[in-house]
Amino acid sequence: MYLVTGSTGNVGAELVRALIQAGAPARALTRADTGRPTPTGVQLAIGDLNRPETLRDALADVRGVFLLPGYQDMKGLLAEAASAGVERVVLLSGSSADGDQSNAITRYMSASEAAVHGSGLAWSVLRPSAFMSNTLEWVPQLRAGDLVRAPFAGTRAATVDPADIAAVAALALLDPGHAGQTYRLTGPEALLPADRVAVLAEVLGRPLRFAGQPDDDARAEMSASMPAEYLDAFFSFYVEGTLDESPVLPTVAELTGRPARTFRRWAEAHAAELA
């Protein structure tokens, strides 16, 4: 049995599907039962990752756990997994995890990795670039018209399809040969936001246009929905340039035996959500 945390998220949902396709029993963790049907072959488990004691039923008979970072008691959470007999954990981290510890995002990624390293469990760590699925943040603008405004217009990134992250996570869960490995994952091309809008225009058959959002406007807008320390972290990454996610790496292809998915392929697969 493999427990997937964040099972309704971009990576977790793809991982549940990947495990099913591999014939591996999957248990999907949620904080509450939404009443939505569970895919065939998947068990539903209820628990709160900020309260490790609530996970005991979810962890019963589990061999491996896919874990998201940044919870309040990562050490306690991992101790609960170890006491339940879990053998391995695959942590979703981030590309900045070994960077400047004054950055709030870097700090919680790094702390989560340290907790996994010290857990006594076999571990693998995934450090992806920004997700292609972050493009879904543009949906309200796409539904309102043909102009997309976005911050950090000059930042080129080798964004990665969450399905590729999930494919690597499935390998790391199912094959003990990935223990002790940290994998940096990227897509196959480094694109500017304007490049992604151009691809969307072709895929959706619309005359989309892109406009870069001034930093001051972006900061004011983002501050309405984001803690100040994380807002500062993103501006450090993408305005000050402390994080470079433009290098294209072959890791996905090397591990999965197929090329990493392009942004165009991701957009085609999600065209209905973007329309």
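Before reading further, recall that the structure is shown in the block above.
Just so you know, these numbers come straight off a predicted model, no measurement behind them. (Residues numbered from 1 in each chain as written. Predicted model: local features only at pLDDT ≥ 70, side-chain atom pairs only at ≥ 80, totals over all residues. Heavy atoms only, no water.)

Draft legend 1. How the structure looks around the packing of aromatic side chains. A complete count under the given rule lists seven aromatic pairs for this structure. Measuring from centroid to centroid gives 5.3 Å for F152 and F235, while their planes differ by 80°, and the two rings are edge-to-face. Of this pair, F152 sits in the loop between β7 (147-150) and α6 (162-174) while F235 sits in helix α9 (residues 228-238); the two residues are 83 residues apart in sequence, bridging distant segments of the chain. Assigned by exposure class, F152 and F235 land together as buried. A ring pair is formed by F234 and Y238, whose centres lie 6.3 Å apart and whose planes are at 20°; its orientation type is stacked. Taken together, the positions of F234 and Y238, both in helix α9 and four residues apart, correspond to about one turn of that helix. Judged by relative accessible area, F234 falls into the partly exposed class, the value being 26%. (Phe/Tyr/Trp six-rings, centres within 6.5 Å; stacked < 30°, edge-to-face > 60°. Helix = DSSP H or I, 4+ residues; strand = E, 2+ residues; numbered from the N terminus. Buried < 20%, exposed > 50% of the residue type's maximum accessible area, 1.4 Å probe, protein only.)

Draft legend 2. Structural context of the nonpolar core. Of all hydrophobic cores here, the largest spans 28 residues; its most connected members are L15, L19, F66, L126 and I165. Looking at this core, the elements that each hand over two or more residues are β1 (2-4), α1 (10-21), β2 (26-30), β5 (88-92), α6 and β8 (181-185). Here the element with the most residues in this core is α6; it accounts for seven residues. In this structure L15 touches V4, F66, A166, A169, A170 and L173, once residues within four positions along its chain are discounted. By size, the runner-up hydrophobic cluster in this structure holds 23 residues, among which are M74, L77, A81 and V125. (Core = buried A, V, L, I, M, F, W, Y, C linked by side-chain atoms within 4.5 Å. Contact = heavy atoms within 4.5 Å.)

Draft legend 3. A look at the pattern of salt bridges. Counting across every chain of the model gives 15 salt bridges. For E14, the salt bridge identified is with R17, shortest N-O distance 3.5 Å. Remark: R17 and E14 occur in helix α1; sequence separation between them is three residues, near one turn of the helix. Classification of E14 by relative accessible area gives buried; the value is 19%. Among the residues examined, R17 registers a relative accessible area of 43% and is labelled partly exposed. (Salt bridge = Lys/Arg side-chain N within 4 Å of Asp/Glu carboxyl O.)

Draft legend 4. Structural context of the side chain of D164. Here D164 is to be found in helix α6. Here D164 is in contact with V252, R258, A260 and R261, once residues within four sequence places are set aside.

Draft legend 5. Representation of helix α3 (residues 74-83) in the model. Within the sequence span of α3, burial applies to M74, G76, L77, L78, E80 and A81. Tucked inside the fold, the buried residues of α3 contact α2 (56-59), β4 (64-67), β5 and α4 (104-117). Backbone geometry just downstream of α3 places G85 in the positive-phi region, at approximately 95°.

Draft legend 6. Focus on empty space enclosed by the protein. Scanning the model with the defined rule gives two cavities of 30 Å³ or more in all. Its boundaries defined by the atoms lining it, the largest cavity holds a volume of some 40 Å³. In terms of lining, the largest cavity is formed by L3, T5, L29, L49, L55, L59, V65, L77 and A81. Here the lining of the largest cavity is composed, by residue class, of eight nonpolar, one polar and no charged. Space inside the second largest cavity adds up to approximately 30 Å³. Secondary-structure elements contributing two or more residues to the lining of the second largest cavity are β4, α3 and β5. Looking at the lining of the second largest cavity element by element, the count peaks at three residues for α3. Looking at side-chain class alone, the lining of the second largest cavity contains eight nonpolar, no polar and one charged residues. (1 Å grid on protein atoms, 1.4 Å probe; cavity = no way out; pocket = protein on both sides within 12 Å on 5 of 7 lines; lining within 4 Å. Points joined across faces, edges and corners; volume = space filled by probe spheres on them. Nonpolar A, V, L, I, M, F, W, Y, C, P; charged D, E, K, R; others polar.)

So yeah, pure geometry; function would need other evidence.
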